[in-house]
Amino acid sequence: MPSLDGLRIGVLDNSKPNADVLLGRVAELLAAEAPGATIRRWTKPGSSRPATMLDEIARASDVVLTGTAD
């Protein structure tokens, strides 16, 4: 199984209710099991607005978490 050790974990909050809590907690749990892993977060300006920062996220992350939560 591949390891997340030392990887950069990106979190894209889609601005839906509780998405930041869910995604943030999952990222923290992953990082706790992966020595040297770091977490960086981005937030869309609104759930129905496009994520204009995708290129930045791709450059700054090795793996990205995003999703919907209500």
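Residues numbered from 1 in each chain as written. Predicted model: local features only at pLDDT ≥ 70, side-chain atom pairs only at ≥ 80, totals over all residues. Heavy atoms only, no water.

Draft legend 1. How the structure looks around unusual backbone geometry. The backbone of Ser15 sits at a positive phi, close to 70°, despite the residue not being glycine. Following the sequence through the fold, Ser15 ends up in the loop between strand E1 (8-13) and helix H1 (19-32). Among the residues examined, Ser15 registers a relative accessible area of 29% and is labelled partly exposed. The phi torsion at Asn18 lies on the positive side, around 75°, for a residue other than glycine. (Helix = DSSP H or I, 4+ residues; strand = E, 2+ residues; numbered from the N terminus. Buried < 20%, exposed > 50% of the residue type's maximum accessible area, 1.4 Å probe, protein only.)

Draft legend 2. Representation of the environment of Pro50 within the structure. With respect to the helices and strands, the residue Pro50 is situated in the loop between strand E2 (38-43) and helix H2 (54-60). When the C-alpha atoms of Pro50 and Asn14 are compared, they prove to be 9.2 Å apart, with 36 residues separating the residues in sequence. Leaving out residues up to four positions away in the same chain, Pro50 has contacts with Lys44 and Pro45. (Contact = heavy atoms within 4.5 Å.)

The quantities given are spatial measurements derived from coordinates; they are silent on function.
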